Amino acid sequence: MYNVAEVNAEACVAQKGCRLCIMYCPEANCIQLDSQNMKAIIVESRCKGCELCVVVCDAAKHNAITMVAR
Ligand code: SF4
Ligand code: SF4
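How each quantity is defined
- Residues numbered from 1 in each chain as written.
- Chains lettered and ligands numbered in written order.
- Predicted model: local features only at pLDDT ≥ 70, side-chain atom pairs only at ≥ 80, totals over all residues.
- Heavy atoms only, no water.
- Helix = DSSP H or I, 4+ residues; strand = E, 2+ residues; numbered from the N terminus.
- Buried < 20%, exposed > 50% of the residue type's maximum accessible area, 1.4 Å probe, protein only.
- Near = heavy atom within 4 Å.
- Nonpolar A, V, L, I, M, F, W, Y, C, P; charged D, E, K, R; others polar.

**Student:** Give me the lowdown on the environment of Cys-30, citing residues and values where you can.
**Tutor:** Looking at the element boundaries, Cys-30 is found in the loop between α1 (20-24) and β2 (31-34). Assessed through its relative accessible area of 2%, Cys-30 is described here as buried. The spatial distance from the C-alpha of Cys-30 to the C-alpha of Glu-10 is 20 Å, given a sequence separation of 20 residues.

This is the structure:
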């Protein structure tokens, strides 16, 4: 079992221009912008569980990403 990031779409403010998690995630194409509903989405198969996205999202007080066990 390992942890991967999960975005709470209701809390994500990507529609207001936030791209913090996408910019800081060290894995290429792991966090993407869902251009239909303008929310960040995690490609779970690419997530390495480093939690950097959680740190930057929480630091900006959006608190939209949690780690979940898989
Ligand atoms: S950092 Fe948080 S609020 Fe910003 S786009 Fe990522 S999940 Fe959404
Ligand atoms: S936990 Fe790390 S690898 Fe996974 S989405 Fe967040 S920043 Fe990317």
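**Student:** Could you give me a rundown of the site of ligand 2, with the residues and numbers involved?
**Tutor:** Among the 14 residues in the neighbourhood of ligand 2, the closest are listed as Cys-25, Cys-47, Cys-50, Glu-51 and Cys-53. Here the residues of the shell around ligand 2 sort into 10 nonpolar, one polar and three charged.

**Student:** Could you give an account of unusual backbone geometry, naming the residues involved and the relevant values?
**Tutor:** The phi dihedral of Lys-61 falls on the positive side, at around 65°, and the residue is not glycine. Considering the arrangement of structural elements, one finds Lys-61 in the loop between α2 (52-59) and β4 (65-69). Judged by its relative accessible area of 70%, Lys-61 falls in the exposed class.

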